[in-house]
Structure formats: structure tokens, C-alpha cells
Amino acid sequence: MLPFINSLWCTKPKDILQFFVVLRSIIITNDRGSSNTIADINGNKNKIHIHNHAVGGNAIFPGILNQLQVVEHGDEAHTQVAHELRGAVGARLQQRTGIKAAGCQTQQRGIGSSKVDQGNEAPHTLAECRCSSRAHQPPPKRRHKQRIQQDIHTTPVDVKNGVVEIYNERFFTDLKPYALEWELICNGKPFKRGRIDDLDLKPQERKQISLGYTQKDFYDFPFMGHELLLNVRYVLKESQPLLDAGFVVAREQMEIGGFAFAYFDLAPDTPYNPIKSATEEGKTIISGENWSIKFNAEGFICSMQYDGEELLAEGSTLRPNFWRAPTENDLGAKAEQNFAAWREPKMELIEFSSKNREQKTEGHKYPCYLQDITAKYAMPDVKATLTLGYSIDADGRINGYMQLDTEEGADVSGMFRVGMRMEMPARYGVMHYYGRGPIESYSDRKAAADIGLYTQRVADQYDETLVRPQESGLHSDIRWCEITDSSGFGICLRGSETFALEPQGEGEELKMRRDENASFLVSALPYSQEAMDVTIGPKQRLSGDLNPDGKTHICFDGIHQGLGCINSWSFPPQKPYRVEYQDYTFAFRITPVRR
């Protein structure tokens, strides 16, 4: 509560009333956080009533509470509800006080502008006011709020045969106004749907129901070995005040069968070696038919060309990444100071090798050819060694891994992430992925992001409602992700369940190493990590000041620290969501996506 009280000292008397309108900031003081309770404020009686089952969260006067039964639901298709509700609140406020609603709108626009009194306004104070003053809640926060606060719950009983349990958490209303809609999806694509209109569950009642499918519906080709999921949602059968028929009040996703991550596979066998290796001006060039990959003197990939098109932006490399633009919570927990050694750790190349190899495969007349690249680095700043390995096949597909080996007992902090980063030209601005979406998600903030197929613009990935630049736009539990231009040409990133290290001896097969969790995390943004980092340059900057730099900035990680938000500010994430100082291995695959 103290940040809100302090903010009053730098507020003009005529604006104090506006602060009381957005008093919800006391409860939700963080852009990434949420609350299970909503305060309804009665300014005359100083009475605070906690309305536990409200969804959304705008502070309103009890005098009009009976007119506004629903505060706000977190469905991206119904943002107009929020506008109508706030309009009603604004009209009531004007009627009571004579203050025009335009005054509140000016405040909203001011938060988004770059005209900030840097001497008096702190970004976290702006964030508190901004939580309620912006025109509408952004989809990530609305969806998280709805999923956590929803009061209709579905749990699996025998999900393979369509049996689930429904729990009506409500105290006073049954579920007759709602219908249950379900769908089975295979690798992100729906193949069977159903609907149950008669939900006869009394308040606080639990009941098992059969959705109407069995294993016979999917335990056959082509579903064998594919990821099968069940999506359920509860929708209004008829319109209610402020809500249309079909409005989603609760949803859930349950796993039937897990995703089969790809094994290390090879290009077709050929009677001759199609891979060429050369050295030119200190660069190692690996090439084949219609593709070439270059490594610079530091051992990093500095060029990827397919069909004559360069996929890396000028000056870009594929390189390790352990840092992120600190979030407000990171700054409160002093993570940017604690993790400082991992911002740009010194990397000394101590070994680089490039070897051509042929591998015989049973059932193939000719061998498959591979080029194995290994780069090993000493990292004295963090008392570790890092190995980057690549096996490039005859089609130019890259099967890579990074292996971080730490020093036992070393007094070194944890880090933000373990992954890779690179830049592509801005024309590669389409993101098509299979994983959690459509909103951003992190290891400790992904309950509302369902697994599915999503196609989005890179330009829309950053959360523009964040007051100050910071980490944004990450997607977790990714199976694969394509970054392409408008014609569909680009690259595909994948997690790999098994991957090659290096041959054990002449003529011996590759040593294979298993990665238990082959999913990964990815972000593609029009802004660089450095541009979003407020610990570099002026701290008092706004997200509205960010400008695209003509590149698509891609980060993909094996592990990434959570957001925290245990309190409003200053606490790190809980231990299961931290990236501790220890050994890590991250396997990935980069393949061309052609038109």
C-alpha cells in the first residue's frame, strides 16, 4: 500500500479523485501479477467489501453494483464489455462529481506518452495507476485472471474414454445457464467435437459425466504417436446483461497422449558426399546443394543461406544467451545485480573442429553424410566451460546442442536463461508455432496459455501496455516454431529428444544423448534485448519509446527463469522456477522452411 500512498504526495489535488477511481492498484500493483479479490470502495463510509467471485477487477461504487452484475471477464473476444462498463462508471462519476470523463481519458493517454517528469514519477508508481487507468486490460492479464478465478472446474477421471468430473464452486447458482463444449485435438488440429447443454449441477456440487467419445475414436492411424489433448469450455447458452450468448466463462485443457519429439534424423543417403568444407578469410564454410552455413573466427554461425537467401541479419550470429531484459520484479529483487556476471560473460575459444563423417544406416545402400562442428569455450567470469556442437546434414539441416559445465562448489550466481539468440531481417515477421499461446507464458505463469497451433505477427509479440521496457513475449512448452516471411520462407526451430555429441571412434556410431524435456521456449520481437534493458542507458523510459530496428530478434531457450510476482515487488521466483548455477544441456534443431 505504501507506493500508492507515496504517489499521492506528488499528485495535484484535483487529480486525487481519479486515484480513488483506480484504487484497485492497492491490490494489483504489478503488471505481471493478479489478485483473487476485488475491492468495491464506498468513499462515504470508508468501507471495503471483498467480492471474491468477481472476474476482472475494476473498482466501482456500490451504489451502481446492482446495475453491473459482471465486472469484466477475460475473454479476448469481448473487450467491448470492459468499454461499456467503464463508460457506465465514468458516467456515474460525472453525475456525482461534475468531472467530465474526458479528464480520465487524458490520464490514460498520458501514461502511454513519452512526456514523463523523470524527477517526480517512478515507473513502478506509474504502473500502479496504469493498472486500471488504461482503456482495457491486455489479453495476457485478462486470460490469466479468468483461468485462476474461474469457478467451474474440470478434472480428468478416465480422459481416454471421455469421463471427467465437473465441480461447481459457486455458492448460490447452478450451471443450467451454461453449455459444455469440448474438442479433441491432434498435434494442435481439432478432429472431433461435442456439446452438452444440460449441466444440472447445484452450487458446490461435483459430478462425473461422459463427454461421448472413447479410445476407439483416436487409437488408430493417423493418431498413433501424436499429441492428443482435450479442450473443454463453458459458454452462455443465452445472452445476459453485458454478455452475449457463447461467452466463455471457464475453460480447461487435459492431456490424453504426449507429443512425440523427433529423433536425430539424417538426410537421404547418396552415392557421393554432397557436403563441402572450406576456409576463407578466417571463416569455415560448410555448403551443399542450394545452401551454405558459415562459422566466424569465434566459432559462431554468422551466415545461413538457403536457396540464395540470407536468413541472418547483417552482423548477426547464432550465439549463447544467459541474460534477459530485467522485468520490474527482477529490478525489485536486484536480479540485474546478482546475475551481472551472466550479462556478457567472457568466452575464450579453446577448441574448434570441423570433421566430415559418413554414417551407415540399416536398410540404406549408401551412407548418409554429416559435417560435425564443435566449439569449446572457457568462461572464467562464471567458472564454467561451454561446448557448442552442430551436426549438419546434406540438406543443410542443423542439429545443435549447447552444453554448460559448471565448477562444483563455485560461488557463482544463477542466471536468467540458458539458450541461444540471433537476428533475422525484419521481413521475417510471421511466427507460426505449436506450443502454449496465444498469450505470452513463462515457467511460473502459463496456466492460461493452452497448447495449440498459433500464427501471429512478430510486431504484436511485445506487450505494449508495460510501462517501462522489459522482458516480454516469451512462449513456453514449444514443440516447434517457424519464423518466416509472408511467402512462408524462413526457418523452423525444434526441440530434439535425442541429439548427436560426437563419434566415439573411427567407424563407430554417434553417441546419442537423451533430453527428457525436449520442449523449449521462444520469443521473436522487433526490439533487441539491449533496447528493452532499462539497466542500459536512461532508466526512466517508456515502452512507447521503443522503435523497431529493422530486425527480428529471436531467442530460444532450454530453460528460462519465471517472473516471480510473489508480492508486488522485490521477491525472486520460487525455487522450482529459477535457473540455478549448475550443468545444463540444451538440444535444438534448425531447418529451412521453403516456399
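Residues numbered from 1 in each chain as written. Predicted model: local features only at pLDDT ≥ 70, side-chain atom pairs only at ≥ 80, totals over all residues. Heavy atoms only, no water.

A. Expanded view of the overall build of the protein. What the protein contains, in helices and strands, is eight helices and 30 strands. Each of the 595 residues in the protein was classed as buried or not, and the buried ones make up 53%. Long-range pairs, those at least 24 residues apart, make up 69% of the contacts in the protein between residues at least 6 apart in sequence. As displayed, the protein has an accessible area near 27200 Å², and 49% of this comes from carbon and sulfur atoms. (Helix = DSSP H or I, 4+ residues; strand = E, 2+ residues; numbered from the N terminus. Buried < 20%, exposed > 50% of the residue type's maximum accessible area, 1.4 Å probe, protein only. Contact = heavy atoms within 4.5 Å. Areas by Shrake-Rupley, 256 points an atom, 1.4 Å probe, with all protein chains shown as cover.)

B. The sheet that holds strand β30 (residues 584–593), seen in detail. On the basis of which strands lie adjacent, the open sheet formed by nine strands has the order β16-β17-β18-β19-β30-β25-β24-β21-β22 and antiparallel pairing. Either end of the sheet is taken by a strand with one partner, and the two such strands are β16 (348–359) and β22 (450–457). Averaged over neighbouring strand pairs, the angle between their axes works out to 15 degrees when direction is ignored. When strand β25 (residues 490–495) meets β30, the two strands line up antiparallel, connected through six bridges. Note that in β30 the partner of L493 across the bridge is I590. (Pairing = 2+ DSSP bridges. Axes fitted to C-alpha atoms, helices over the stretch in contact; angles between N-to-C directions.)

C. Inspection of the environment of E423 at higher detail. With respect to the helices and strands, E423 occurs in strand β20 (residues 417–425). Setting aside chain neighbours within four positions, we find E423 in contact with L311, L312, A313, S316, T317, R319, K551, T552 and H553. At 2.8 Å, the side chain of E423 and the side chain of S316 are in polar contact. (Polar contact = N/O pair within 3.5 Å; in protein donor to acceptor, adjacent residues only side chain to side chain.)

D. Spatial organisation of the confidence of the model for the protein. Across the protein, the average pLDDT comes to 78, with 70% of residues at 70 or higher. Taken together, the stretch residues 498–504 has pLDDT below 50 and engages in 31 contacts with residues farther than four places along the chain or on a different chain. Low pLDDT, under 50, characterises residues 509–516; the predicted model gives this stretch 29 contacts beyond four residues in sequence or across chains. (pLDDT = per-residue confidence, 0-100.)

E. The arrangement of the state of the cysteines in detail. For the structure on display, the rule yields zero disulfides. Considering cysteine sulfurs only, C481 is the nearest to C492, which forms no disulfide, with 7.5 Å between them. The exposure class assigned to C492 is buried, which follows from its relative accessible area of 3%. (Disulfide = S-S within 2.5 Å.)

F. Just the side chain of R170, in detail. Along the chain, R170 falls in the loop between β4 (163–168) and β5 (178–186). Classification of R170 by relative accessible area gives buried; the value is 14%. Within the structure, R170 has its side chain in polar contact with the side chain of Y178 (distance 2.9 Å). In contact with R170, other than residues within four places in its own chain, are D151, I152, Y178, P203 and Q204.

G. Quick peek at empty space enclosed by the protein. By the definition in use, this model includes three cavities of 30 Å³ or more. The volume enclosed by the largest cavity comes to roughly 100 Å³. Considering the residues around the largest cavity, the lining is formed by 16 residues, among which S523, L525, Q529, M532 and C555 are closest to the centre. For the lining of the largest cavity, the elements supplying multiple residues, two or more each, are β20, β28 (520–525) and β29 (551–560). Looking at the lining of the largest cavity, the element that brings in the most residues is β20, giving four residues. Across the lining of the largest cavity, the residue classes break down as seven nonpolar, five polar and four charged. (1 Å grid on protein atoms, 1.4 Å probe; cavity = no way out; pocket = protein on both sides within 12 Å on 5 of 7 lines; lining within 4 Å. Points joined across faces, edges and corners; volume = space filled by probe spheres on them. Nonpolar A, V, L, I, M, F, W, Y, C, P; charged D, E, K, R; others polar.)

H. Representation of the sheet that holds strand β9 (residues 248–257) in the model. Ordered in space as β6-β5-β8-β9, the four strands form an open sheet in which the pairing is antiparallel. With partners counted over all chains shown, the strands left at the sheet margins are β6 (189–196) and β9, one partner each. Strand-to-strand twist of the sheet, defined as the mean angle between neighbouring strand axes without regard to direction, takes the value 20 degrees. Of the strand pairs in this sheet, β5 and strand β8 (residues 228–236) are connected by nine bridges, and their pairing is antiparallel. Looking across to β8, one finds that Y178 is bridged to L236.

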